[in-house]
Amino acid sequence: MFSSTGVGSHPGTDHLEAARVVFGEAPGLPYLPELPARGVGADLIGRTAALLVDLPAEVQPSGWRLTGRPGRDHRRAADHLARDLDGLEEVGHAYEGPLKLQVAGPWTLAAAIELPHGDKILADAGAVRDLVASLAQGVSEHVATVRRRLPGVTEIVLQLDEPSLPGVLAGTVPTASGFGRLAAVEPWAATQALQSFDAPLVHCCAPEVPVDLLRTAGARGISLDLTLLRRRDEEALGEAVEAGLTLFLGVVPGTDTRLPGPAAIARPALELWRRLGFDPAQVASQVVLTPSCGLAGASPAYARKALEAVRAAAKVLVDDPAAELNGQHGG
C-alpha cells in the first residue's frame, strides 16, 4: 500500500529532473509529472485535450476550442506529452510497482473547452457525451502506451483532476461570454460520465467536494485539500471510507513555506480519522498524504521538500498513529 504521493504538477521546464524528483521522493506511488511552465499545451486542459480522439482543439483568445482538424497547439501538446513519456521511460525503466497518471476529468474539460462556434461544451448535453466517450478512449490508449513503455508497472492509478466539478453541479460555471452562468448539471448525469472511467482517483482541491457523488460513481479514492474540509463534510467522508475508498489528503501547502516536522504534518489527518471514528491502526491502509494541490507554483527546491515532508509524515501514520494521537491528547 502506498502512503504518500504528489498531486501532479511541478515547477520548471526540465521533465527529466521532475521525473527524478518524483521517483526519488514518492517511491511508493510515483507519477508522470506535469510542467505547465512550458506554456501552451503543457497546461492541464491542453495536455488532456491532446489525448482526445477525433476531437482536436486549438487555443483561441478565449481559451481552448474544438476545431475541425489538429493544428499547431494540438501538435505542441502532443509533443510535450511524448517527451514526458520518453523521460518517464528513461527514469523509471527498472521500476516495479503502481504508477499514477493524471488527466483533466470530463466535467472540468467540458467547463473549459469551447464548441467550434458556440459556448462551452458544458452547454450542450450531446457534445458532453461525445467528449466523455472521446476522453475515455484516449485515456485507455494513454494507459496502454505507458504500460508498454514501463512493463514493470503493476497497476495504473488514474487520477481525474476535477477542480470545476463543484461549480458544474452548482451552476456557477460562466458562459463563454462571461455574462451568464451555465445551467447546473444533474448529479445523475455527472455520476454517469464519471462511470465511464474504471475506478478512478478523483482530485478536487476546491471547496464543496461532492464526496457522496464520487462514491456513487465508483471512484477508488478522493483527493482533496484537507484545509478546505468542513466539519459538515465529514459524515460523507466516513461513509466513503466505510465503502472502501482511499482518502488522499493534502496536508502541506503547494507553494513555498516553512514546513513543520512530520508529526505536526500528520496530525490533522490523524485527528480527522479519529473524528470519523475509525481504528488508528487502520489509518495507513486508507489514507495517503499529499501536498494540498499541485506544485507548479512552488520553487524546485520546495517541491522536493514538500514530497519529502509528506513521505516522512506518512511514516507516522504507518509506524504508530495511536501513540501520536495519545501524545497530542495527553493520554
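Residues numbered from 1 in each chain as written. Predicted model: local features only at pLDDT ≥ 70, side-chain atom pairs only at ≥ 80, totals over all residues. Heavy atoms only, no water.

Novice: What is the right way to read helix α10 (residues 262–276) from this model?
Specialist: Structurally, the α-helix is built with 3.6 residues per turn, so residues lying three or four positions apart point the same way. Between its terminal C-alpha atoms α10 stretches 22 Å, which fits the 21 Å expected from 15 residues at 1.5 Å a residue. At P268, α10 shows its largest bend, some 30°. (Helix = DSSP H or I, 4+ residues; strand = E, 2+ residues; numbered from the N terminus. Expected span 1.5 Å × (residues − 1). Bend = angle between axes of the 7 residues up to and from the residue.)

Novice: Explanation requested: the pairing of strand β1 (residues 57–60) in the structure shown.
Specialist: Consecutive side chains along a regular strand alternate between the two faces of the sheet. Looking at chain direction, β1 and strand β2 (residues 63–66) are connected through four bridges and run antiparallel. Counterpart to E58 in the pairing with β2 is R65. What sits between the antiparallel neighbours β1 and β2 is a turn of two residues. (Pairing = 2+ DSSP bridges.)

Novice: What am I meant to see in empty space enclosed by the protein here?
Specialist: According to the stated counting rule, one finds three cavities of 30 Å³ or more in the structure shown. Approximately 80 Å³ is the volume found for the largest cavity. Lining the largest cavity, in full, are L32, E34, L44, R47, T48, L51, L81, Q102, V103 and H142. Sorting the residues of the lining of the largest cavity by element identifies α2 (44–49) and β3 (97–104) as the ones contributing at least two each. Sort the elements by how many residues they give to the lining of the largest cavity and α2 lands first, with three residues. For the lining of the largest cavity, the class distribution of residues is five nonpolar, three polar and two charged. One number sums up the size of the second largest cavity: a volume of about 70 Å³. Lining the second largest cavity we find C204, A206, P207, E208, V209, V211, L224, D225, L228, L229, R230 and D233. (1 Å grid on protein atoms, 1.4 Å probe; cavity = no way out; pocket = protein on both sides within 12 Å on 5 of 7 lines; lining within 4 Å. Points joined across faces, edges and corners; volume = space filled by probe spheres on them. Nonpolar A, V, L, I, M, F, W, Y, C, P; charged D, E, K, R; others polar.)

Novice: How should I be thinking about the side chain of S134 in this particular structure?
Specialist: Summarising the element assignment, S134 is placed in helix α5 (residues 125–149). Residue S134 is classed as buried on the basis of its relative accessible area of 5%. For S134, the side chain forms a polar contact with the main-chain nitrogen of V53, separated by 2.7 Å. In this view, S134 contacts L51, L52, V53 and L55; residues no more than four positions away in its chain are not counted. (Buried < 20%, exposed > 50% of the residue type's maximum accessible area, 1.4 Å probe, protein only. Polar contact = N/O pair within 3.5 Å; in protein donor to acceptor, adjacent residues only side chain to side chain. Contact = heavy atoms within 4.5 Å.)

Novice: What is the right way to look at the layout of surface pockets in this model?
Specialist: Empty space among the atoms can be located by rolling a probe the size of a water molecule over them. Counted as a void, the largest pocket has a volume near 370 Å³. Around the largest pocket, the lining is made up of 18 residues, and of these W107, A125, V128, R129 and A189 lie nearest the centre. Those elements giving two or more residues to the lining of the largest pocket turn out to be α5 and α7 (187–194). Classifying every residue of the lining of the largest pocket by side-chain character gives 13 nonpolar, two polar and three charged. As a volume, the second largest pocket reaches approximately 260 Å³. V143, I156, L158, F197 and D198 are, among the 13 residues lining the second largest pocket, the residues nearest its centre. Secondary-structure elements contributing two or more residues to the lining of the second largest pocket are α5 and β4 (153–161).

Novice: How should the packing of α10 against helix α12 (residues 300–319) be read in this particular structure?
Specialist: Pairs of packed helices are described in terms of their axes, by the angle between the two and the distance that separates them. The geometry of α10 relative to α12 is characterised by a closest axis approach of 8 Å and an angle of 60° between their N-to-C directions. Between α10 and α12, the angle is such that the two are oblique. Between α10 and α12 lies a crossing whose hand is right-handed. Counted together, P262, A263, I265, A266 and L270 of α10 and A309, A312, A313, V316 and L317 of α12 form the full contact between these two elements. Within the contact of α10 with α12, the residues separate by chemical class into 10 nonpolar, no polar and no charged. (Axes fitted to C-alpha atoms, helices over the stretch in contact; angles between N-to-C directions. Parallel < 35°, antiparallel > 145°, perpendicular 65-115°, else oblique. Left-handed = near helix turned anticlockwise from the far one by under 90°.)

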